[in-house]
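Coordinate inspection notes
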Amino acid sequence: MTRRLHLNAFLMEAGHHEAAWRLPESNPYADFDLAHWIDLARLAESARFDSLFLADGPVLQGTGEFRSPGQLEPLTLLTALAAVTEHIGLIATVSTTYNSPYNLARRLASVDHVSGGRVGWNIVTSATEEEAANFGLDERPLHADRYERADEFLDVVQKLWDSWDDDAFLGDKESGRWADPSLIRPVDHTGKHFRVAGGLNISRSPQGYPLLVQAGASDAGRDFAARYAEAIFTASQTLEHAQEFYGDLKKRVTAAGRNPDQVIVLPGIVPVIGSTEAEARALAQQLDDLRVPEYGLGGLAKVLEVEPHELPLDEELPQHVIDRPRREGFVSRSELIIELATRERLTVRQVLSRLGGGRGHNVVVGTPEQIVDTLVTWFEQGAADGFNVMGAALPSGLEAFIEHVLPELRARGLFPEEYDGVTLRDHYGLPRPGNSFDRAGAGVRRSA
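To keep things clear, this report deals only with the structure shown in the data block. (Residues numbered from 1 in each chain as written. Predicted model: local features only at pLDDT ≥ 70, side-chain atom pairs only at ≥ 80, totals over all residues. Heavy atoms only, no water.)

The next point concerns the overall build of the protein. When you go through the protein residue by residue, the secondary structure sums to 15 helices and 13 strands. Computed over its C-alpha atoms, the radius of gyration of the protein comes to 22 Å, within 12% of the 22 Å expected for a compact globule of 448 residues. The C-alpha extent of the protein, read off along each of the three principal axes, is 75 × 50 × 40 Å. For the protein, the residues scored as buried account for 54% of the 448 residues in total. In the protein, of all internal contacts separated by at least 6 residues, the share reaching a separation of at least 24 is 76%. Total accessible area on the protein stands at roughly 19,100 Å², and carbon and sulfur atoms take up 51% of it. (Helix = DSSP H or I, 4+ residues; strand = E, 2+ residues; numbered from the N terminus. Rg over C-alpha atoms; globule rule 2.2 N^0.38 Å. Buried < 20%, exposed > 50% of the residue type's maximum accessible area, 1.4 Å probe, protein only. Contact = heavy atoms within 4.5 Å. Areas by Shrake-Rupley, 256 points an atom, 1.4 Å probe, with all protein chains shown as cover.)

Rendered as structure tokens:
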């Protein structure tokens, strides 16, 4: 089968550029406007995107002075979007740090049932002190401890999803037997972080279990992805960085005993498209001029784990910030930002400008042909299996991508005209996982 490119529509309020809500055509209340999200989902589905993605964090993002500080809870929103779409995959971020395995396994399986097998879970470990404070903690768990908990969390939810065999349901009206209880098992999990009896009180979902997605690019994040992830969202500023990540991740997947062709790597790209390069640059400049530096500075300081006053706008990143010991929060994102700033000798003000469009994801400004050339180069030169498409402004950025970029990708035979299957796994060309329990004995799991 010819390898084809995968596309996910990363949807974010009025757009990924921090000032997108200020454009004359933008809806400044898009975050909480269900009609806005429905229109975006239907737009992405009309173009046959494999999936859409909603990011999330259980915390106020900033103060709300310069940009909306929150968003609708994503699994609730996905349920609404499932009712108004038929094919597109539906992926949401949910944290392992501030949830319990049983409740989350049930919620995700429920949405997979409701959507007919179209749900994916972007697994995160929640990096900020503010999130910890919202859950009664004096400080956030350490980076290594968050991933240790996440490992056990994944083990438990997979056991719960597999606690029903696919053929447990009988529905035998004559005998009165609704199900075969021997095929509905307890999981009896006892570990360092969780004790869960189980089984789950919902049958195995159409996909077996939701597609597992991961976005951490630290060393621990890469190892976690190699063990569990079926699709990976990542941020790279350069082709070389993307190739390094792609090659390293595929090697780790192989070392973990998994098939690297069944792990889809999707770098983020923020396309700013014009009929000419000058037109595209004018649009990018319009957005940049609408930025409020105080907003970006606060976000940068949080990622770098310093105070805003330590980052003089018209100077390069201070050496003491660059040399800080390993950070416990946004590990991979802080490393990406520092590498960008030092490689290009950027002032803090210039760093804020570069981050304003996509928080460290690759912003590509140009004509449709230039955008396509970038995508194809990354796809063909070992940097991507597809892309996380992040419209700088929404819906206009997604509309421009669909109208001007997709036709050329299709002309090159890289993206299909129609959906090939029914479930999200079908869209990504991934098999439905078998049940991990051994029928010979409840609670015994088959080796991977």
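A separate point is the pairing of strand 7 (residues 186-190). The two faces of strand 7 differ: Val187 and His189 on one face are buried, but Pro186, Asp188 and Thr190 on the other face are not. Relative to strand 8 (residues 195-198), strand 7 is paired through three bridges, and the arrangement is antiparallel. Note that in strand 8 the partner of Thr190 across the bridge is Arg195. (Pairing = 2+ DSSP bridges.)

Next up on the list: the packing of aromatic side chains. A complete count under the given rule lists 14 aromatic pairs for this structure. Taken together, a centroid distance of 4.7 Å and an interplanar angle of 50° make the contact between Phe53 and Phe233 tilted. Of this pair, Phe53 sits in strand 2 (residues 51-54) while Phe233 sits in strand 10 (residues 231-234), and the two are 180 residues apart along the sequence. Of the two residues, Phe53 and Phe233, both sit in the buried class. When the ring of Trp378 is compared with that of Phe387, the centres are 6.4 Å apart and the planes differ by 50°; the resulting orientation is tilted. Take Trp378 and Phe387: they sit in the same class, and that class is buried. Directly above the aromatic system of Phe379 lies the positively charged group of Arg3, at a separation of 3.9 Å from the ring centroid. (Phe/Tyr/Trp six-rings, centres within 6.5 Å; stacked < 30°, edge-to-face > 60°. Lys NZ or Arg CZ within 6 Å of the ring centre and 35° of its normal.)

What follows concerns the environment of Phe194. Following the sequence through the fold, Phe194 ends up in the loop between strand 7 and strand 8. Taking the C-alpha atoms as reference points, Phe194 and Asp172, separated by 22 residues in sequence, lie 36 Å from one another. If near-sequence neighbours (up to four positions away) are discounted, Phe194 is found in contact with Pro101, Arg149, Glu152, Phe153, Val156 and His189.

Now for the pairing of strand 13 (residues 386-389). Where strand 1 (residues 6-11) lies against strand 13, four bridges are found, and the strand directions are parallel. Considered in strand 13, the bridge of Leu7 is made with Phe387. Note: strand 11 (residues 264-273) against strand 13, two bridges, orientation parallel. Considered in strand 13, the bridge of Ile269 is made with Val389.

So, about a nonpolar patch on the surface. A cluster of nonpolar side chains, namely Tyr29, Phe32 and Leu72, defines an oily patch on the protein surface of about 280 Å² accessible area. As for its position among the elements, Leu72 is in the loop between strand 2 and helix 2 (74-84). (Patch = residues over 30% accessible without salt bridge, like charges linked within 9 Å, V, L, I, M, F, W, Y side chains within 5 Å. Salt bridge = Lys/Arg side-chain N within 4 Å of Asp/Glu carboxyl O.)

Attention now goes to the pattern of salt bridges. Within the structure shown, the criterion is met by 32 salt bridges. Three or more residues are tied together by salt bridges with common partners; here these are Asp219, Arg222, Asp223, Glu244, Asp248 and Arg252.

What follows covers helix 6 (residues 219-228). Residues of helix 6 that are buried: Gly221, Arg222, Phe224, Ala225, Ala226 and Tyr228. Looking at the buried side of helix 6, the elements it contacts are strand 4 (119-124), helix 5 (143-161), strand 9 (211-214), strand 10 and helix 7 (239-255).

What follows deals with the side chain of Asp385. With respect to the helices, strands and loops of the structure, Asp385 is situated in the loop between helix 13 (368-380) and strand 13. Of note is the side chain of Asp385, whose polar atom sits 2.7 Å from the side chain of Tyr246. Excluding anything up to four places from it in sequence, Asp385 contacts Arg3, Arg4, Leu5, His6, Tyr246, Lys250, Val263, Ile264, Val265, Leu266 and Phe379. (Polar contact = N/O pair within 3.5 Å; in protein donor to acceptor, adjacent residues only side chain to side chain.)

Now for the packing of helix 2 against helix 3 (residues 101-115). For the pair helix 2 and helix 3, the least separation of the axes is 9 Å and the interaxial angle reads 15°. For the element pair helix 2 / helix 3, the angle class is roughly parallel. Crossing angle aside, the handedness with which helix 2 passes helix 3 is left-handed. Counted together, Leu75, Leu78, Thr79 and Ala82 of helix 2 and Leu104, Arg107, Leu108, Val111, Val114 and Ser115 of helix 3 form the full contact between these two elements. Classifying every residue of the contact of helix 2 with helix 3 by side-chain character gives seven nonpolar, two polar and one charged. (Axes fitted to C-alpha atoms, helices over the stretch in contact; angles between N-to-C directions. Parallel < 35°, antiparallel > 145°, perpendicular 65-115°, else oblique. Left-handed = near helix turned anticlockwise from the far one by under 90°. Nonpolar A, V, L, I, M, F, W, Y, C, P; charged D, E, K, R; others polar.)

Our next topic: the nonpolar core. If you look at the biggest cluster of nonpolar residues, it comprises 75 residues, and the most contacted ones within it are Leu7, Phe49, Leu52, Trp121, Trp161, Phe401 and Leu409. It is helix 5 that contributes the most residues to this core, eight residues altogether. In contact with Trp161, other than residues within four places in its own chain, are Ala105, Leu108, Ala109, Trp121, Leu200, Arg204, Gly208, Tyr209, Pro210 and Leu212. Counting 25 residues, the second largest nonpolar core, distinct from the first, contains Ile264, Leu287, Val365 and Leu430. (Core = buried A, V, L, I, M, F, W, Y, C linked by side-chain atoms within 4.5 Å.)

Quick look at the environment of Leu43 now. Structurally, Leu43 is set in helix 1 (residues 34-46). Between the C-alpha atom of Leu43 and that of Glu399, which follows or precedes it by 356 residues, the distance is 7.7 Å. Sequence-distant contacts of Leu43, defined by excluding residues within four places in its chain, comprise Pro395, Leu398, Glu399 and Ile402.

Turning to the packing of helix 9 (residues 293-304) against helix 12 (residues 348-355), a few remarks are in order. The N-to-C vectors of helix 9 and helix 12 enclose an angle of 90°; their axes lie 10 Å apart at closest approach. Relative to helix 12, helix 9 is oriented roughly perpendicular. Two secondary-structure elements touch here, helix 9 through Pro293, Gly296, Leu297 and Leu300 and helix 12 through Val348, Val351, Leu352 and Leu355. Of the residues belonging to the contact of helix 9 with helix 12, the class tally is seven nonpolar, one polar and no charged.

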